[in-house]
Amino acid sequence: MAPTDKIRSKDSAAPLHMIDIIRKKRDGGVLDEHEIAFVVAGAASGSVPLEQLATWLMASWLNDLSVEETRALTLAMRDSGEKFSPARLGKTAVDKHSTGGVGDKTSFLIAPLAAACGVAVPMISGRALGHTGGTLDKLESIPGYRTALTLDEFESVLLKCGASIVSQTPSLVPADRALYALRDRTGTVENPGLICASILSKKLAAGLDALVLDVKTGSGAFLRDPAQSEFLAALMVATAEAAGTRTVALLTDMGQPLGCAAGNWIELVEAVELMRGRRPVESEDLRELSLILAGWMICLGGQAATPEIGHARAEKALMDGSALRIFFEMIAAQGGDVSVFDDPAGFHRPGATEVAHAWESGFLAEMDTTALGWAVQRLGAGREKAGEPVDPHAGIVFHARRGAQVERGQPLATLYATSAAHLAEPKEILRRAITFSKTPPDAVPLVEQIFTRDSAQEFLRNAVR
Ligand code: URA
């Protein structure tokens, strides 16, 4: 018997049918928790056909999920498979998750930084989604690195290193595994309820005591409208808190790629450079955001009285080499070959390389970061179809950041592609995505707003949805 056969509607003993649920959502109805559980069980077991799941996703995207529907979806997805219990780690388990960005490699810094400061970091991450890169795809640039660990293996890496970064598996949050891949192919990524349930189901299945959310806003965010980003932040905090996990969300700028590298291997190299104590100016936003997020994790994990003290502790771990030691230990414990970091440039073998030069003089005023993310994916760093391999060596290194004054002909970015044929479209996208101005653009704060349980509830009370 398929698991969905056991789920009955709220009002009667009659079995549920996917077609009725699709039609209800299509017509603007609000689904109850039984109907949502039916969809989730069908996604996890494969008993609901993909065309019906895809249609339900589109109906939910178009009509939005209510706060209650989102909560029900999150919990049903969390419970769709095995769960991890951090009880035997003997430490507070805290993680961070971002809503997705371009060049967003903070996880590589944050996980070892928080672990170095006494917090356990069981991190279940995702793959490239839409225009954004995926932590797992980036880690798999390292020869041998295994992301699909069993729960026992996950626990033993955590006991040894304090941090482990893994994927959801057929047994761990299987509903998200199915829905995530389908959303990526059906244009149903950019929706607050679906994003909330996808992220939190993974995080809650890891049994976290606390969670720090990095909700992106600006031209590279899934939700470009700042009001939508705020809503997402409040929705996620309220949903996670209601499920018993202490949570804060920071609304952070994704109006340009974070740091200078966007791709797979080149992002790992940028993160490791910082953990080697180097401080290139073009990585300064990445460094600062990582320390802020780690500071919150260390504070929520009970290892610092305030996020600011947590920030200072994290900075010490960055500079004294302890974060790098933990990062390399974690890679080795998951089967990865850390020797590739001995000569990062030697390991980097893109099929084709081209430097793009500034086509006019002026200040780099705006970057359409979503478009830049698609350029990175189409160089070979992302996939056209689910399950395809990604090119570890493809991506873009930006030589100028927003606000920089550049002269015509100056190198703007280096593009690394799978082959010369992969260069033409990304080069064109890059040209259209960057605009110059005669005067410097206004500075944008890295962290725009912070939501805690109380401010999230207050926000949702006032939001009409
Ligand atoms: N990250 C996820 O895990 N899911 C989303 O939907 C977006 C970002």
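Residues numbered from 1 in each chain as written. Predicted model: local features only at pLDDT ≥ 70, side-chain atom pairs only at ≥ 80, totals over all residues. Heavy atoms only, no water.

**Student:** Could you clarify how one ought to interpret the sheet that holds strand E12 (residues 434–437) in this entry?
**Tutor:** Where strands meet in a sheet, backbone hydrogen bonds hold them as pairs that are either parallel or antiparallel. Strand order in this open sheet of three strands is E10-E8-E12, and the pairing throughout is antiparallel. Looking at the sheet topology across the chains shown, the edges are occupied by strand E10 (405–406) and E12. Helix H17 (residues 424–433) contacts strand E8 (362–367) and E12 of the sheet and is inclined by roughly 35 degrees relative to E12. (Pairing = 2+ DSSP bridges. Helix = DSSP H or I, 4+ residues; strand = E, 2+ residues; numbered from the N terminus. Contact = heavy atoms within 4.5 Å. Axes fitted to C-alpha atoms, helices over the stretch in contact; angles between N-to-C directions.)

**Student:** When you look at the domain arrangement of the protein chain in this model, what are you seeing that I'm missing?
**Tutor:** How big an interface is tends to be reported as the loss of accessible area on association of its parts. Domain parsing of the protein chain yields domain 1 (3–63), domain 2 (87–342 + 447–462) and domain 3 (348–437). Using only C-alpha atoms to locate each centre, domain 2 and domain 3 end up separated by 24 Å. Taken together, the 30 residues of domain 2 in the interface contact 24 residues of domain 3. Between domain 2 and domain 3, roughly 2200 Å² of surface is buried when both sides are summed, and carbon and sulfur atoms account for 52% of that area. Together, His131, Gln256 and Ile266 form the three largest contributors to the area buried by domain 2 at its contact with domain 3, with a combined 24%. Among the salt bridges present, the one from Arg383 reaches Asp137, with a minimum N-O distance of 2.9 Å. Scanning the region where domain 2 abuts domain 3 turns up 20 residue pairs in polar contact (both at pLDDT 80 or more). Breaking the side of domain 2 that touches domain 3 down by element, the ones donating at least two residues are strand E6 (261–263) and helix H11 (265–275). Across the side of domain 2 that touches domain 3, the residue classes break down as eleven nonpolar, twelve polar and seven charged. (Domains from an automatic or database assignment. Buried area = accessible area lost by both parts, 1.4 Å probe. Salt bridge = Lys/Arg side-chain N within 4 Å of Asp/Glu carboxyl O. Polar contact = N/O pair within 3.5 Å; in protein donor to acceptor, adjacent residues only side chain to side chain. Nonpolar A, V, L, I, M, F, W, Y, C, P; charged D, E, K, R; others polar.)

**Student:** Which parts of the structure should I look at to understand the sheet that holds strand E13 (residues 447–451)?
**Tutor:** Across the sheet, four strands lie side by side as E1-E4-E5-E13; this open sheet has mixed pairing. Two strands close off the open sheet at either side, each with one partner strand: strand E1 (94–98) and E13. Each strand of the sheet is rotated relative to its neighbour by a mean of 20 degrees, with strand direction disregarded. Where E1 meets strand E4 (residues 210–217), five bridges bridge the pair, whose relative direction is parallel. Directly across from Asp95, in E4, lies its bridge partner Leu211. Along the sheet, helix H12 (residues 284–300) makes contact with E1, E4, strand E5 (246–253) and E13, crossing E4 at roughly 155 degrees.

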